[in-house]
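Residue-level structure breakdown
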Amino acid sequence: EAIEQLGNRLKQDLQNECPSNEEALLSIQTTDYGLSFENGTMAVHLLLTTLPANWHSLDPTIHLDRAMCKRNFNATKHAKWVDEVCIHPSNKVLVRLLKDLRQRFHGLEPLNPWLINLLAHHCVINNNSSEQLPPSYAFKRALQLLSSGLFLPGSNGLYDPFSDTNMNPSRSHTIMTPEEQDRLCYTSQTLLRALAIHPKYVLGIENGPDIFAGPCQLNGVLFMPNQPVIFDNESNGHAINDGQQQSMFVEVNG
């Protein structure tokens, strides 16, 4: 109720600012995260939240869900961090490249925007050189890090500056399931090999075969995708529980 009232007030204010021929095109919808404005050519998603001190006094009948308010509050902190820290041009270019890659390859879907920003910043800034890496080197480094198991179970991952103090602050990837972490790893391994054979295909400049469908010819080379190790259910192969995962990493590291 409160969200709908806010939306109507904002819509009225916007209509007063819009030309008369655009007023009818402006529409507003309430969503689970807040409000969505559309005018036929673009959309603006408005995330609503409140201060943490007010979360326990929220009324679910008129306010947003408490969990959603917390999520939106974290999103504002993430946006501020990106605006203040990720200012290097290479960082911005790499974020766009990784987001485009995620849209074109299903296996990279576990990478949410926050993880992409953390990964891009790490690849550009944290390196052996005293200078920031250019986008070409940073892009390859991102795939190399993901391929090496940066976000696999048991890995330290990347430091999350806004993680819960009760959790390990270095494991920003724990929001993913083990199957998603494995899918992200073997997808990156496949893309890294494809990058060496046909860079323009990986970058989306040229079309090519579906390299994840099975054996194929990629730029005249017989290419086979990597396969998963962790499965989310018995029908896909062998399921690995937490205890088995821990034993597996002990054996590998031992």
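Scroll up for the structure.
These numbers were taken from a predicted model, which means no experiment stands behind them.

Some points on the pairing of strand E2 (residues 34-38)
- Here E2 lies mainly inside the structure; 4 of its 5 residues are buried.
- Both strand E1 (residues 27-30) and E2 contribute to a ladder of 4 bridges, which runs antiparallel. Paired with Ile28 across the bridge in E2 is Phe37.
- The loop that links E1 with its antiparallel partner E2 comprises 3 residues.

Brief notes about the pattern of salt bridges
- A complete count under the given rule lists 4 salt bridges for this structure.
- When the shortest N-O distance is used, the salt bridge between Glu179 and Arg183 registers 3.5 Å. With a gap of 4 residues between them, Glu179 and Arg183 both fall in helix H6 (residues 178-197), about one helical turn apart.
- Across the salt bridge formed by Glu206 and Lys200, the nearest N and O atoms sit 3.9 Å from each other.
- Take Lys200: its relative accessible area is 44%, and that puts it in the partly exposed class.

Digging into the sheet that holds strand E3 (residues 43-47)
- Read from one edge of the open sheet, 3 strands run E1-E2-E3, paired in antiparallel fashion. Two strands lie at the open edges of the sheet, namely E1 and E3, each paired on one side alone. Between one strand axis and the next, the sheet turns by 20° as a mean value, whatever way the strands run.
- Where E2 and E3 come together, 5 bridges link them in antiparallel fashion. Looking across to E3, one finds that Ser36 is bridged to His45.
- Here helix H1 (residues 2-17) sits on the sheet in contact with E1, E2 and E3, set at roughly 30° to E2.

Overview of the nonpolar core
- The biggest cluster of nonpolar side chains holds 38 residues, and the ones touching the most others in it are Leu94, Leu98, Leu101, Leu119, Phe139, Phe151 and Ile211.
- Put simply, the parts of the chain that give this core at least two residues each are helix H3 (89-104), helix H4 (113-125), helix H5 (135-147), H6, helix H7 (199-202) and strand E4 (216-218).
- The dominant element in this core, judged by the number of residues it contributes, is H4, at 8 residues.
- Those residues in contact with Ile211 that lie beyond four places of it in its chain are Thr190, Leu191, Ala194, Tyr201, Cys216, Leu218, Phe223 and Pro225.
- Counting residues in hydrophobic clusters, the runner-up holds 12 residues, among them Ile3, Ile28, Phe37 and Trp55.

A word on H5
- Relative to the 18 Å expected for 13 residues at 1.5 Å per residue, H5 spans 18 Å between its end C-alpha atoms, a close match to the ideal helical length.
- Among all positions in H5, only Ala138, Phe139, Arg141, Ala142, Leu143, Leu145, Leu146 and Ser147 are buried.
- Close packing links the buried residues of H5 with H3, H4, H6 and H7.
- One or two steps after H5, the chain reaches Gly149, where phi turns positive at roughly 100°.

Rules used in this analysis
- Residues numbered from 1 in each chain as written.
- Predicted model: local features only at pLDDT ≥ 70, side-chain atom pairs only at ≥ 80, totals over all residues.
- Heavy atoms only, no water.
- Buried < 20%, exposed > 50% of the residue type's maximum accessible area, 1.4 Å probe, protein only.
- Helix = DSSP H or I, 4+ residues; strand = E, 2+ residues; numbered from the N terminus.
- Pairing = 2+ DSSP bridges.
- Salt bridge = Lys/Arg side-chain N within 4 Å of Asp/Glu carboxyl O.
- Axes fitted to C-alpha atoms, helices over the stretch in contact; angles between N-to-C directions.
- Contact = heavy atoms within 4.5 Å.
- Core = buried A, V, L, I, M, F, W, Y, C linked by side-chain atoms within 4.5 Å.
- Expected span 1.5 Å × (residues − 1).

Nothing here speaks to function; it is all geometry.
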